[in-house]
Amino acid sequence: MLKANKILAAASLFFVLFYSCKKETTTTAPPVFLGDNDNLLMGNPGNAMADTTDYDNYLMIKTYYTLSYSRTRGIPNWVSWHTQNTDLGNVSRQEDFREDNSLPQSWYHVTDISYSYSGFERGHNCPSADRTATIEANSSTFFMTNIIPQAPYNNEFTWMNMENYARTLIDAGDELYTIMGSYGMGGTGSDGTKTTIDNGHVTVPSNIWKVIVVLPLNTNDLSRVNNNTRVISVIIPNINTGLSSDWKTYRTSVDAIEAAAGLDLLSNISTAIQQVIEARVDNQ
């Protein structure tokens, strides 16, 4: 009986540690997929599942972000994550780009050198700078399953300017639910236009998109989304020249992204509210 009680206690402790949310102001553990700060709180675009037979929509739940991976394309379809002030610290950029060994062993694993001499940079979906509280958190963003081939100017100027702006919202007291993805085939890097790199193993997307749901830092996040909630959405061509450094030039609606990418975004929000906030183009 004593041994059985010890096993039960250990199992209970594991459950609490594994499913507890990261928001320090929350006192009770939320449901696994619907709690505050869960990376999929706003919805699972495309209903990705951890099913290796669906190799173009393979769900990968990680501690610091969640993604749908395409084995055919060698890049994520989308990556979803939550950011608040406790995610931002002073940890330096780890730069440890590496293959993701949590992918099925039989699948092709994109490596740190797969993008070498391609004319495209290793562009983060969940940014390194959104995960600077710990070394582990920052290092997690360098798995190649979080990376896409991104045109250098797009990555270093337009996209980075948007990422930096998003963090100013956190500094001002907001928390963000972000989904980033890409679609299409064929981008223009510093070495011209390409449809694939790494001997065809990695698709170069033609367009990159992002959706940010902005909420004042608090609890009960999903219930606080309403018709007035700010949602920032962009679609930016994956090109190296002729691109504005002002990310606001590329603002669009969630509806437009859904139509282009073939996804259902923010699906956990009530349909009535979705109809309002997904049709609106941010102008703040």
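Note on numbering: residues in each chain are counted from 1, in written sequence order. Whole-chain, interface and lining totals are the exception, using all residues; otherwise, since this is a predicted model, local features are given only for residues with pLDDT of at least 70 and side-chain atom pairs are given and counted only at 80 or more. The side-chain figures draw on all heavy atoms in the structure; neither hydrogens nor water molecules are used.

**Side note on unusual backbone geometry**
Non-glycine residue Tyr 117 carries a positive phi angle of around 60°. Each helix is a run of DSSP H or I of at least 4 residues and each strand a run of E of at least 2, with the numbering of both proceeding from the N terminus. Note that Tyr 117 resides in the loop between strand 3 (75–83) and strand 4 (121–124). Partly exposed describes any residue whose relative accessible area lies between the buried limit of under 20% and the exposed limit of over 50%, with all areas from a 1.4 Å probe on protein chains only and scaled to the type maximum. Tyr 117 gets classed as exposed once you look at its relative accessible area, which sits at 82%. Positive phi is not limited to glycine here, since Asp 198 has a value of about 55°.

**Remarks on helix 5 (residues 254–261)**
If you check which residues of helix 5 are buried, you get Val 254, Ile 257 and Glu 258. The buried residues of helix 5 all sit within an arc of 100° when viewed along its axis, so they share a single face. The inward-facing, buried residues of helix 5 abut strand 11 (207–216) and strand 12 (230–237). Of the residues one or two after helix 5, Gly 262 is the one with positive phi, at around 70°. As used here, the arc is the angular range of directions from the helix axis to the C-beta atoms. By the convention used here, residues are in contact when the closest approach between their heavy atoms is within 4.5 Å.

**Let's talk about the pattern of salt bridges**
Between Lys or Arg on one side and Asp or Glu on the other, a salt bridge is scored when a side-chain nitrogen of the former is within 4 Å of a carboxyl oxygen of the latter. Here the structure, examined in full by the defined rule, presents eleven salt bridges. The partner of Asp 130 in a salt bridge is Arg 167, and the shortest N-O contact between them spans 2.7 Å. Remark: Arg 167 occurs in helix 3 (residues 152–171) and Asp 130 occurs in the loop between strand 4 and helix 2 (135–140); sequence separation between them is 37 residues. The exposure class assigned to Asp 130 is buried, which follows from its relative accessible area of 7%. Relative accessible area serves as the criterion here: at 12%, Arg 167 is assigned to the buried category. The salt bridge partner of Arg 224 is Glu 175, with a shortest N-O separation of 3.1 Å. Residue Arg 224 is located in helix 4 (residues 221–224), and its partner Glu 175 is located in strand 6 (residues 174–183); the two are separated by 49 residues in the primary sequence. Classification of Arg 224 as partly exposed rests on a relative accessible area of 21%. The buried category is assigned to Glu 175, whose relative accessible area is 0%.

**Here's the deal with the environment of Thr 229**
When you line up the elements, Thr 229 lands in the loop between helix 4 and strand 12. On a C-alpha basis, the gap between Thr 229 and Pro 216 in space is 9.7 Å, while along the polypeptide they are 13 residues apart. Ignoring anything within four residues of it in the chain, the contact list for Thr 229 reads Val 213, Val 214, Leu 215, Arg 224, Ile 277 and Arg 280. The definition of a polar contact used here is a pair of N or O atoms within 3.5 Å, where within protein one atom must be able to donate a hydrogen and the other to accept one, and adjacent residues in sequence count solely through side-chain atom pairs. From its side chain, Thr 229 meets the backbone nitrogen of Asn 226 in a polar contact 2.8 Å long.

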